[in-house]
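The residues making up each chain are set out below.
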Amino acid sequence: MTKRFSLGGLLLFAAGALHAQITLEQCVQNARDNYPLIKKYELLDRAQEISLSDINKGWLPQIGVYGQGSVQNAVPSFPDALSDMMAQMGTDMSGLGKLQYRVGAELNQMIWDGGASKSQREIVRADNVERQAQLNVQLYAIRERVENLFFGILLIDEQIKQTQNTQSLLQSNLDRLRSMQANGTAMQSDVDMLEAQYLSVSQQLIQAQSNSQSYRRMLGIFTGMEITRQELIKPTPDTPENMAVNRPEMALFDAQTLANGARLSTIKSGLMPKIGLFAQAYYGYPGFDNFKSMMNRDLSLNVLVGVKVSWNIGAFYTKKNREGQLQIASDGIAADRDVFLFNTSLQTQSQTDRISEIEDFMKEDARIVELRANVRRAAESQLENGVIDATALLSKITDENQARLSASYHEIQLLQTIYQLKYTLNR
């Protein structure tokens, strides 16, 4: 009993998977999550953490260790008269030795850097925001590619549907002609003509089915989903009411402006003095007590502690030019933003006009299909009564098929144009 239940559940699950329905929103989201570029977000965050950590470590005491040995051709010494007098008294005053050596360490501690580290942190964060905005722009382009594939599949599937209807229509008329030929009321050439058309439509169906599978495989690669047999749900044709541009490019322009502002702060911090503590210590010869070192060659420990103030006055020379360069960059960003908004406005207007045009077409599609179907049914009756031949009937069948294809095409085209408008505005 358990095995039967498990087998039945498995079959139900397989049937459900076979008839699974996929929406456009699912495809877009999965494509974004599946795209390899998404991994760069984590890499950018890690790089920012490392850069900020390096900047913060600049406030830690900076310690250096060194060893030094040197030989000098001249050193401080006592006057000869004093040296001779002290020698007579049994005291050697030969002066500093020409061979000098020491091992030491130096410690520097920043107290105030004029805001340099703060501005560096602002630049790191602003650069990270700009790079993420650039990634958003690149990933946003995936949406358009996925939507084109999605609507391409919908259009091909409609073509398959209409081709199958035409095939059924041809088959029924072919059966009717064969019956008429058997009764002597139709010629073999008429049967052959209709059969040839049926086979030609069958070839068109095979090609359309192949194209559909190809598009589905491509969409599956983008989304990481298995969609070779699943039904794609037609989106709702809701035209966006808000025409404000909300594209990721706008956030990129803002991020670039923010990064320029952060770089401006480094110019200001470069004008400020820097204050720090320092300490030096070494063991060697000579020591800080030169008089003692001139009396003997003993090694000694020497320590020096103090406060250091440094001010790069040269930063004032280039301040105006550096600020001018940043202003030019900001003006360039503003110009790029204006160009983008101008082109987007033109594209939005064009797509809005196209939507209105297609909607006008669709108002008459149903009536045209109805009239073509009426003409085709009348032609079938006329064929049975011997008024027309198979050529005339094929013409009417082709006209009806074309009308149905046009109606389906207009429906899909309207959806695609609406979603192109949504893509242009990011709605």
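Residues numbered from 1 in each chain as written. Predicted model: local features only at pLDDT ≥ 70, side-chain atom pairs only at ≥ 80, totals over all residues. Heavy atoms only, no water.

(A) Local environment of the overall build of the protein chain. A count of helices and strands for the protein chain gives 10 helices and 6 strands. In summary, the protein chain has a C-alpha radius of gyration of 43 Å against a globular reference of 22 Å for 427 residues, an excess of more than 25%. By principal-axis analysis of the C-alpha atoms, the protein chain measures approximately 155 × 65 × 45 Å. For the protein chain, buried positions account for 34% of its 427 residues. Across the protein chain, contacts joining residues at least 24 apart in sequence account for 86% of those joining residues at least 6 apart. (Helix = DSSP H or I, 4+ residues; strand = E, 2+ residues; numbered from the N terminus. Rg over C-alpha atoms; globule rule 2.2 N^0.38 Å. Buried < 20%, exposed > 50% of the residue type's maximum accessible area, 1.4 Å probe, protein only. Contact = heavy atoms within 4.5 Å.)

(B) Here's a closer look at unusual backbone geometry. Here the residue pair Tyr285 and Pro286 is connected by a cis peptide bond, since its omega of -5 degrees sits within 30 degrees of zero. With respect to the helices and strands, Pro286 occurs in the loop between strand E5 (274-285) and helix H8 (290-295). Phi at Asn426 takes a positive value of approximately 60 degrees, unusual for a residue other than glycine. Relative to the assigned elements, Asn426 resides in the segment after helix H10 (390-425). A relative accessible area of 23% places Asn426 in the partly exposed class.

(C) The arrangement of the sheet that holds E5 in detail. The 4 strands lie next to each other as E2-E3-E5-E6, forming an open sheet whose pairing is antiparallel. Bordering the open sheet on either side are strand E2 (62-71) and strand E6 (300-310), each of which pairs with just one other strand. Recorded for the sheet is a direction-independent mean angle of 20 degrees between the axes of neighbouring strands. Relative to E5, strand E3 (residues 99-112) is paired through 11 bridges, and the arrangement is antiparallel. Of the residues in E5, the one forming a bridge with Leu107 is Ala279. (Pairing = 2+ DSSP bridges. Axes fitted to C-alpha atoms, helices over the stretch in contact; angles between N-to-C directions.)

(D) Structural detail: the confidence of the model for the protein chain. Looking at the protein chain, the pLDDT average stands at 84 and 92% of residues meet or exceed 70. Scored below 50 in pLDDT, residues 1-18 makes 3 contacts in the model with residues more than four places away or belonging to other chains. (pLDDT = per-residue confidence, 0-100.)

(E) Expanded view of the nonpolar core. Core analysis: the largest hydrophobic core is formed by 24 residues, its most contacted members being Val146, Phe150, Phe151 and Leu219. For this core, the elements supplying multiple residues, two or more each, are helix H2 (24-34), helix H5 (116-182), helix H6 (188-223), helix H9 (315-384) and H10. If we skip the residues at most four places from it in the chain, Val146 touches Cys27, Val28, Ala31, Leu219 and Phe222. Core analysis: the second largest hydrophobic core is formed by 16 residues, Ala186, Val201, Ala379 and Ile397 among them. (Core = buried A, V, L, I, M, F, W, Y, C linked by side-chain atoms within 4.5 Å.)

(F) Representation of the pattern of salt bridges within the structure. For the coordinates displayed, the defined rule picks out 17 salt bridges. Here Arg367 ties to Glu370 by a salt bridge, and the two come within 3.3 Å at their closest N and O atoms. Linking Arg367 with Glu370, this pair stays in helix H9, spanning 3 residues, or about one helical turn. On the basis of relative accessibility, which here comes to 43%, the residue Arg367 falls in the partly exposed class. A salt bridge links Arg404 to Glu400; the nearest nitrogen and oxygen atoms lie 3.0 Å apart. Taken as a pair, Arg404 and Glu400 lie in helix H10 at a separation of 4 residues, close to a single helical turn. In this structure Arg404 comes out as partly exposed when scored by relative accessible area, which is 31%. Each of Arg376, Glu380, Glu400 and Arg404 takes part in one network of salt bridges that share partners. (Salt bridge = Lys/Arg side-chain N within 4 Å of Asp/Glu carboxyl O.)

(G) Structural view of H5. Helix length check: H5 (67 residues) gives 99 Å between terminal C-alpha atoms against 99 Å at 1.5 Å per residue, within 8%. At the C-terminal side of H5, Gly184 shows a positive phi close to 85 degrees. (Expected span 1.5 Å × (residues − 1).)

(H) The environment of Leu43, seen in detail. Tracing the backbone through its elements, the reader meets Leu43 in helix H3 (residues 39-56). Residue Leu43 is classed as partly exposed on the basis of its relative accessible area of 46%. Measuring from C-alpha to C-alpha, the distance between Leu43 and Tyr283 comes to 47 Å, with 240 residues separating the pair along the chain.

(I) Here's a closer look at H3. Over its 18 residues, H3 runs 27 Å from end to end, which matches the ideal 26 Å to within 8%, given 1.5 Å per residue. Looking at the packing, one finds that the buried side of H3 touches H2 and H5.

(J) Layout of the packing of H3 against H5. With their axes 10 Å apart at the nearest point, H3 and H5 run at an angle of 175 degrees to one another. Taken together, H3 and H5 sit at an angle that is classed as roughly antiparallel. Between H3 and H5, the contacting residues are Lys40, Tyr41, Leu44, Asp45, Gln48, Ser51, Leu52, Ile55 and Asn56 on the first element and Ser117, Gln120, Arg121, Val124, Arg125, Asn128, Arg131, Gln132, Leu135, Asn136 and Leu139 on the second. A breakdown of the residues in the contact of H3 with H5 according to their chemical character gives 7 nonpolar, 8 polar and 5 charged. (Parallel < 35°, antiparallel > 145°, perpendicular 65-115°, else oblique. Nonpolar A, V, L, I, M, F, W, Y, C, P; charged D, E, K, R; others polar.)

(K) Representation of the packing of H5 against H10 within the structure. H10 packs onto H5 with a crossing angle of 165 degrees between their chain directions and a minimal axis gap of 10 Å. As the angle between them shows, H5 and H10 are arranged roughly antiparallel. Two packed elements cross with a definite hand, and for H5 against H10 that hand is right-handed. The residue inventory of the contact of H5 with H10, partitioned by class, reads 18 nonpolar, 9 polar and 7 charged. (Left-handed = near helix turned anticlockwise from the far one by under 90°.)

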